[in-house]
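Close look at the chain arrangement
If you want the building blocks of each chain, they are given just below.
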Amino acid sequence: MHRRLIAPGSLAAASLLLAIPASAASVSPGTPGIGDPYYPAYGNGGYDVSHYDLRLTYQPATDGLSGTATLLARTTQDLSRFNLDFLLDVSEVRVNGAKASFATSGEHELEITPKKPLPKGTPVTVVVRYSGVPSSKQAYGFTSWHRTPDGGVGANEPEAAWWWFPSNDHPLDKATYDVSVAVPDGSQAISNGTLQSTSSRAGWTRYNWRSDKPQATYLATLAVGKFDVTTGTTESGIPVINAYSKDLGANAGAARASVERTGEIADWLTEYFGPYPYNALGGYVPNTDTGYALETQTRPFYSPRQFANGSNTSVVVHELAHQWYGDLVSVAGWKDIWINEGFARYAQWLWSEHEDEGTAQEIADYVYASHPADDPFWTVKPGDPGPENQFHLAVYDRGALALQALRNEIGDEAFFAVLKGWPQKYAYGNASVADIRAYAEQVSGKPLAALFDTWLYQPSKPSTPAARSASIAKASTAVVRPKSWKKIAATNDVHQHRDAAQDAPRHGH
């Protein structure tokens, strides 16, 4: 016989371990990132949010924001601690009614420890009270909060929420929203979705907005200022609310001439992408000094500079196309950004056809011929561009070239069936480049691996353009400008997030 000797104290420790339930032993903190390789610290693990209720007060004179965020969530693991992405100053956190301890870590992490561990599958209500001056906060050397002469705006990609509400900040965790904001009388608060009600008391007006369909956190927006607001409906009856800063100056007319066509353009896009997926529509143009536009869900953000050269319906087409490609179906990971930008750019090319200003094929030939083989443009891989090139021009233009190549490979009938069917297949969810390739193969009955690899993943100029035939391919080596080339070129910076003024040009729309 072999006798095993037990060290003093070990027996007591072993007895204690045996007394701990297995579920308790497996309790662990949620990860401080959702697992996106482009942005390892973005989003969080351990839970899934279903609804955000934000009750806020904002003072334009000081850029002071205060309020309470209530998050309805469910745990996806046995959870001892979890994180939210947030930058403002927190005064209190409660989890399921009980006060929770909290601390900050990293660039933008709020660590919350509930009074008791939370078993997997538990419904959780998280209440965060907070305040601060959003424009005074930076993370990674930049801000996504735009101070304006009469207020402020939260709009950027891939991150904007940190500056005005705590969240699980990644498109993989979509939720519905109620956003209630009190502002001084004479100012307005603009957000996503439908305006449920307004009320006034003691010199303040409260605006109550609701987004009743799943929405990614970066697509949530808040703008406070003095706006001229217009209302209307699309032909299909969708209510349209547009808002324009009262101090847009010389850009005011062009902005209105463009954004006021939102309903018309959305109706036109349904021919290609299927029914409009939300119960609200519109856009807003605050007086910001940035240069980009953003597809904030149901109500895109446009900077005044988008209209500096006159009306620009092309940018409106781009942002509204995102309501299907980017909003209705969001990226599974940020490396899948081509699904957003390639399709939105291609919608601009289709609009050019609609306006008789050059066909998609003519624009494709022009773009292809405009970049010689040694142009660094061709080294960016739209299917996986890397975080430093996530909003590079190639993701847009080479991304749209890939779609023209696909159109010519599978034919118009299958191509437009893909454009319309794919958003319905993944509606209100997430998908990857691999998913859309598989869907295109299913619809067309053709193997498409080589085509997708050539146009989305090879760091070199494809040997032939996205042309219908060898004769067209030969002709397209000459730079022939379609009628709309100036307008298309003008929208190349449609999404220049974290623009040069912020010393971080990698983000752009």
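You'll find the structure just up there.
1. Side note on the side chain of Asp 267
By the element assignment, Asp 267 lies in helix α4 (residues 262-273). Nearest to the buried, unbridged Asp 267 among oppositely charged side chains is Arg 261, at 11 Å. The contacts of Asp 267, once residues within four sequence positions are left out, are Thr 234, Glu 235 and Ser 236.

2. Brief notes about the pairing of strand β13 (residues 194-201)
Side chains on a regular strand alternate between the two faces of the sheet. As paired elements, β13 and strand β14 (residues 204-215) share seven bridges and run antiparallel to each other. Bridge assignment links Ser 199 to a residue of β14, and that residue is Arg 206. Turn length for the β13-β14 hairpin, with the two strands adjacent in sequence and antiparallel, is two residues, and the turn residue Ala 202 shows positive phi of about 55 degrees.

3. Some thoughts on the pattern of salt bridges
All told, the structure shown has 12 salt bridges when counted by the stated rule. Between Arg 210 and Asp 178 there is a salt bridge, with its nearest N and O atoms 2.7 Å apart. Note that Arg 210 is positioned in strand β14 and Asp 178 in strand β11 (residues 175-184), a separation of 32 residues in sequence. Residue Glu 441 is joined to Arg 437 by a salt bridge in which the shortest nitrogen-to-oxygen separation is 3.3 Å. Residue Glu 441 and its partner Arg 437 are both found in helix α10 (residues 433-444); the two are separated by four residues, about one turn of the helix. Looking at Glu 441, the relative accessible area reads 22%, which means it is partly exposed. Here the salt bridges do not stand alone but share partners, grouping Glu 92, Arg 94, Lys 99 and Arg 129 into one network.

4. Some remarks on the sheet that holds strand β3 (residues 82-85)
Read from one edge of the open sheet, three strands run β3-β7-β6, paired in antiparallel fashion. Across the chains shown, the open sheet's two edge strands, defined by having one partner strand only, are β3 and β6 (101-105). Shown here is a sheet whose adjacent strand axes are inclined to one another by a mean of 30 degrees, direction ignored. The pairing of β6 with strand β7 (residues 109-113) spans five bridges and is classified as antiparallel. Across the sheet, the residue bridging to Phe 102 is Ile 112, located in β7.

5. Points about unusual backbone geometry
In this structure, the amide linkage connecting Glu 157 to the following residue, Pro 158, adopts the cis form with an omega of 5 degrees. Position of Pro 158 relative to the elements: it lies in the loop between β10 (151-154) and β11. Of note in this structure, Ala 202 is not a glycine but carries a positive phi near 55 degrees. With respect to the helices, strands and loops of the structure, Ala 202 is situated in the loop between β13 and β14. A positive phi angle is found at Thr 298, which is not glycine, with a value near 75 degrees. The exposure class assigned to Thr 298 is buried, which follows from its relative accessible area of 4%.

6. Notes on α4
Between its first and last C-alpha atoms α4 spans 16 Å; for 12 residues at 1.5 Å apiece the expected length is 16 Å, and the two agree. For α4, the buried fraction is high: nine of the 12 residues fall into the buried class. Inspection of α4 places Thr 262, Gly 263, Ile 265, Ala 266, Asp 267, Trp 268, Leu 269, Tyr 272 and Phe 273 among the buried residues, and these make up the whole buried set. Against the buried residues of α4 lie β17 (239-245), α3 (252-259), β18 (281-285), α5 (313-321), α6 (338-354) and α9 (412-425).

7. A word on empty space enclosed by the protein
Here the structure, examined in full by the defined rule, presents three cavities of 30 Å³ or more. In terms of lining residues, the largest cavity is bounded by Tyr 47, Leu 71, Ala 73, Thr 75, Leu 79, Phe 82, Leu 84, Leu 118, Val 124 and Val 126. Broken down by secondary-structure element, the contributors of at least two residues to the lining of the largest cavity are β2 (64-75), β3 and β8 (123-132). By residue number, the principal contributor to the lining of the largest cavity is β2, which donates three residues.

8. Things to note about the sheet that holds β11
Taken together, eight strands build an open sheet; the order of strands is β5-β4-β8-β2-β1-β11-β14-β13 and the sheet is mixed. Here the strands that pair on one side only, and so sit at the sheet edges, are β5 (98-99) and β13. Sheet topology note: the strand β1 (residues 47-59)/β2 ladder contains 12 bridges and is antiparallel. Bridged to Tyr 52 within β2 is Leu 71.

So, how was this worked out
- Within any chain, residue numbers begin from 1 and follow the written order of that chain's sequence.
- Selection of residues for local features in this predicted model requires a pLDDT of at least 70, selection of side-chain atom pairs for listing and counting requires 80 or more, and totals for whole chains, interfaces and linings are taken over all residues.
- Calculation of side-chain values draws on the structure's entire complement of heavy atoms; hydrogens and water are dropped beforehand.
- Here a strand is any run of E in DSSP of at least two residues, a helix any run of H or I of at least four, and the numbering for each starts at the N terminus.
- Any residue under 20% of the maximum accessible area for its type is buried, any over 50% is exposed, and the rest in between are partly exposed; the area is computed with a 1.4 Å probe on protein chains only.
- In this tally Asp and Glu are treated as negative and Lys and Arg as positive; neither His nor the chain ends contributes.
- When a carboxyl oxygen of Asp or Glu lies within 4 Å of a side-chain nitrogen of Lys or Arg, that pair is called a salt bridge.
- The contact definition used throughout considers only heavy atoms, calling two residues in contact when any of these lie within 4.5 Å.
- Two strands qualify as a pair provided DSSP detects at least 2 bridges between them.
- Every axis corresponds to a line fitted to the C-alpha atoms, with the helix fit spanning only the stretch in contact, and the corresponding angles, defined between N-to-C directions, vary from 0 to 180 degrees.
- The span expected for a helix works out to 1.5 Å for each residue beyond the first.
- Lining residues are defined by having an atom within 4 Å of a point belonging to a cavity or pocket. Those points lie on a 1 Å grid over the protein atoms alone, cavities being sets where a 1.4 Å probe fits but cannot get out and pockets being open sets with protein on both sides within 12 Å along at least five of seven lines.
- Grid points are joined across faces, edges and corners, and a volume is the space filled by probe spheres set on the points.

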